[in-house]
Amino acid sequence: MSFNEHHFELDVHWTGNQGTGTSGYRDYSRSHNVLADGPGEILGSAAKPFRGDAERWNPEQLMLAALAQCHMLSYLHVAVMNNVVVTAYDDHATATLNVNPDGSGELTSATLRPRVSLADESQRALADSLHDQARDVCFIARSVNFPVHHEPESPPA
């Protein structure tokens, strides 16, 4: 394996057979487990509008979580590279899913709303501008075919 190539593995196990398998659209649960060596298990399902369990993570949430995590990690990196000291970072991320008449669908956009606290508030303009640089280096944002918007918010005073 080259230094520039990395591989990731996980397993998905469907747990929703309620005795008759997929004999009908309403006859099975969308429940499943996602497992990877190291971090353990994520309990997943479909989103509630698609007959899923609202108490479990759905694929759309996991995609949004991956975008928000990757942006945060990329942002912290570019902050260090620009001598900006971040003391806290929070994000309220949202995504939009459009469902087509044929039942297919796609995420059409995501919006990250990072709230970054700084050791030196006089660097606010620079710190806010670093979100563009973070987007450009984020592995996940570079991998999706929909726009990922950034709306930095000031942390509460």
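To keep things clear, this report deals only with the structure shown in the data block.

Calculation rules
- Residues numbered from 1 in each chain as written.
- Predicted model: local features only at pLDDT ≥ 70, side-chain atom pairs only at ≥ 80, totals over all residues.
- Heavy atoms only, no water.
- Buried < 20%, exposed > 50% of the residue type's maximum accessible area, 1.4 Å probe, protein only.
- Helix = DSSP H or I, 4+ residues; strand = E, 2+ residues; numbered from the N terminus.
- Pairing = 2+ DSSP bridges.
- Phe/Tyr/Trp six-rings, centres within 6.5 Å; stacked < 30°, edge-to-face > 60°.
- Lys NZ or Arg CZ within 6 Å of the ring centre and 35° of its normal.
- Axes fitted to C-alpha atoms, helices over the stretch in contact; angles between N-to-C directions.
- Contact = heavy atoms within 4.5 Å.
- Core = buried A, V, L, I, M, F, W, Y, C linked by side-chain atoms within 4.5 Å.
- Disulfide = S-S within 2.5 Å.

### Regarding the pairing of strand β7 (residues 114-118)
Then comes step 1: Burial along β7 is one-sided: P114, V116 and L118 are buried, and none of R115 and S117, which face the opposite way, are.
Then comes step 2: In terms of strand pairing, strand β4 (residues 86-91) meets β7 through five bridges, oriented antiparallel. Looking at β7, one finds that A88 is bridged to S117.

### Description of the packing of aromatic side chains
Two numbers describe a pair of aromatic rings. These are the distance of the centres and the angle of the planes.
Then comes step 1: This model, assessed by the stated rule, comprises two aromatic pairs.
Then comes step 2: An angle of 75° between the planes, with centres 6.2 Å apart, marks the rings of W14 and Y28 as edge-to-face. Of this pair, W14 sits in strand β1 (residues 11-14) while Y28 is found in the loop between β1 and β2 (32-36), placing the two residues 14 residues apart along the sequence.
Then comes step 3: On the basis of relative accessible area, W14 is assigned to the partly exposed category, the value being 39%.
Then comes step 4: Measuring from ring centre to ring centre gives 5.8 Å for Y75 and Y89, while their planes differ by 45°; the resulting arrangement is tilted. Of this pair, Y75 sits in helix α1 (residues 59-81) while Y89 sits in strand β4, and the two are 14 residues apart along the sequence.
Then comes step 5: For Y75, a relative accessible area of 0% puts it in the buried group.
Then comes step 6: Note that R30 overlies the ring of Y28, its terminal NZ or CZ placed 3.9 Å from the centroid.

### Some thoughts on the sheet that holds strand β8 (residues 148-150)
Then comes step 1: On the basis of which strands lie adjacent, the open sheet formed by three strands has the order β5-β6-β8 and mixed pairing. Bordering the open sheet on either side are β5 (94-99) and β8, each of which pairs with just one other strand. Averaged over all pairs of adjacent strands, the angle between strand axes in this sheet comes to 15°, irrespective of strand direction.
Then comes step 2: Most of the contacts of α1 go to strand β6 (residues 105-112), to which it runs at about 35°, and overall it touches β5, β6 and β8.

### Digging into the nonpolar core
Then comes step 1: Counting twelve residues, the largest nonpolar core consists of L64, L67, A68, C70, L107, A110, L112, C138, A141, V144, F146 and V148.
Then comes step 2: Secondary structure elements with two or more residues in this core: α1 and β6.
Then comes step 3: Element by element, the count of residues in this core is highest for α1, at four residues.
Then comes step 4: With near-sequence residues (within four places) excluded, V144 lies in contact with M63 and L67.
Then comes step 5: Counting residues in hydrophobic clusters, the runner-up holds ten residues, among them Y75, V84, L118 and A134.

### Remarks on the state of the cysteines
Then comes step 1: Going through the model one piece at a time under the given rule, you end up with one disulfide.
Then comes step 2: Note on cysteine connectivity: C70 is disulfide-linked to C138, with sulfurs 2.5 Å apart. Here C138 lies in the loop between α2 (124-137) and β8 and C70 lies in helix α1, a separation of 68 residues in the sequence. Accessibility assignment for this pair places C70 and C138 in one class, buried.

Geometric values such as these leave the question of function open.
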